[in-house]
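Here's the letter readout for the chains.
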Amino acid sequence: MTVRVAVNGFGTIGKRVADAVTKQPDMKLIGVAKTRPSFEARYAIDRGYPLFVGGDGRIEDFRAAGLPVAGTAEEMLKGADLVVDATPDKIGREHVAQYDAAHLKAIFQGGEKPEVAEVSFSALANFDAAHGKRRVRVVSCNTTGIIRAASVLRSRYGVERWDATLIRRAADPTETKKGPVNAIVPTFQFPSHHAPDARTIYPDLPISTTAVVVPTTLMHVHVNHVRLHRPPATTADVISAFRETPRFHVFRSWEHVDGTPQVMEYARDHGAPRGDMMKNVLWEDGIRLDGADLHFFQAIHQESIVVPENIDAIRAMCDLAPDAASSIEVTDMTLGLRA
Ligand code: NAD
């Protein structure tokens, strides 16, 4: 079975998901929708993706720019089995009625409230919960990072308490209108929205989060302190647990990856499309078990970490894979996340 996928919203996340869909043996990209002509609209055409006009966009503007348009987003949806909505925060919810009317399954992103969907999703944690669902929300980049780590720690060791400080990038590299440029901005919300968001997937996760925004575009970094119920004997056991789990990359001491710039350079060196790093990134030197207390840093590439999760959500919703492991295997193989 091949699922026909439409992508509504072709920006940072939408174009990555569209590219990923074209690499799947069980999916076909039937089109992407944008509101305005832009370099990204041209990219869609150059890649041979049927380009449709979404939102309040005007077909004439695309034609005036010399970009061939296949029709409106409404027309695109008619040919799809499922739509991935990757429009900006709070816009996706405005499309629910339209998708329902077209009898389409729909995936929303983390910028939408959980209520937009029947279930919030992260592949390692709750793949089965999305089976047969009509509306699923892939949680945000930071929450995806937390939930992946939680899926490793909960099952093996049990989590008694978890405090995380999220050092958040100010903007994506392509954004020119966001800051701060020269400030460290604490979020005066205790906990930050990430803890309740994580509990949309693991309702009993005893996590508390705080967040600080800093002037960088190169990834988020989480500083984690976790009290474990059944701690393993050594730090090496925890490192092995992360290494054994898909979608984790643990740098070794001798690699001298001091911070996020080297992580991004590593991804570029290895020819990752756009220099993306879709795995949670940890450091051997940045993991320490002290009795029952686990301390670890992890870096999260905001622009790409949710891409494999969108692909797995499609598989779960359309019953294309029997379980999470089978779906993750295909996704990670096709996206170059495993050998
Ligand atoms: P973006 O601004 O880069 O891209 C959104 C695209 O949607 C733009 O091309 C815009 O022109 C288009 N668009 C706007 N209104 C539209 C409409 N009505 N119909 C069709 N297209 C429309 O946004 P993004 O960063 O890709 O974010 C998309 C979603 O993914 C948000 O919910 C966001 O919270 C979430 N998300 C973003 C990141 C990130 O770091 N960028 C990470 C994880 C999740």
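Attention in this report is confined to the structure presented alongside it. Bear in mind the structure is a predicted one, so any value in this text is a computation, not a measurement.

## Notes on helix H2 (residues 39-46)
And step 1. Of all the residues in H2, the buried ones are Glu 40, Ala 41 and Ala 44. Mapping the buried residues of H2 onto a view down its axis gives an arc of 105°, with all of them on the same face. Across H2 from its buried face, at more than 90 degrees, point the exposed residues Phe 39 and Asp 46.
And step 2. A side-chain oxygen of the first residue of H2 lies 3.1 Å from the backbone nitrogen of Glu 40; this N-cap is Ser 38.

## Comments concerning the site of the ligand
And step 1. Neighbouring the ligand are 23 residues, the closest being Ile 13, Lys 34, Asp 89, Arg 169 and Asp 172.
And step 2. One of the backbone N or O atoms of Thr 12 is found 3.0 Å from an oxygen atom in the ligand.
And step 3. In the environment of the ligand, an oxygen atom lies 3.0 Å from a nitrogen or oxygen atom belonging to the side chain of Arg 169.
And step 4. Grouping the amino acids of the shell around the ligand by side-chain chemistry returns 7 nonpolar, 12 polar and 4 charged.

## Notes on the environment of Ala 267
And step 1. Along the chain, the position of Ala 267 falls in helix H10 (residues 260-269).
And step 2. Sequence separation between Ala 267 and Met 277 is 10 residues, and the spatial gap between their C-alpha atoms is 6.0 Å.

## What to know about the pattern of salt bridges
And step 1. Across all of its chains, the model carries 25 salt bridges by this definition.
And step 2. A salt bridge links Asp 81 to Arg 4, with the nearest nitrogen and oxygen atoms 2.8 Å apart. Of this pair, Asp 81 sits in the loop between helix H4 (73-78) and strand S5 (82-85) while Arg 4 sits in strand S1 (residues 3-8), and the two are 77 residues apart along the sequence.
And step 3. For Asp 81, a relative accessible area of 27% gives the class partly exposed.
And step 4. Arg 4 sits in the partly exposed class, given a relative accessible area of 37%.
And step 5. One salt bridge in this structure joins Arg 243 and Glu 284, with 3.0 Å as the shortest N-O distance.

## So, the nonpolar core
And step 1. Among the nonpolar cores identified, the biggest contains 49 residues, and Val 32, Leu 82, Phe 121 and Ile 314 are the most heavily contacted of them.
And step 2. Among the elements that take part in this core, helix H11 (residues 307-317) stands out by supplying 6 residues, more than any other.
And step 3. In terms of nonpolar packing, the next biggest core, distinct from the first, is built from 32 residues, Leu 166, Ala 198, Tyr 202 and Val 226 among them.

Criteria and cut-off values
Residues numbered from 1 in each chain as written. Predicted model: local features only at pLDDT ≥ 70, side-chain atom pairs only at ≥ 80, totals over all residues. Heavy atoms only, no water. Buried < 20%, exposed > 50% of the residue type's maximum accessible area, 1.4 Å probe, protein only. Helix = DSSP H or I, 4+ residues; strand = E, 2+ residues; numbered from the N terminus. Arc of directions from axis to C-beta. Polar contact = N/O pair within 3.5 Å; in protein donor to acceptor, adjacent residues only side chain to side chain. Near = heavy atom within 4 Å. Nonpolar A, V, L, I, M, F, W, Y, C, P; charged D, E, K, R; others polar. Salt bridge = Lys/Arg side-chain N within 4 Å of Asp/Glu carboxyl O. Core = buried A, V, L, I, M, F, W, Y, C linked by side-chain atoms within 4.5 Å.

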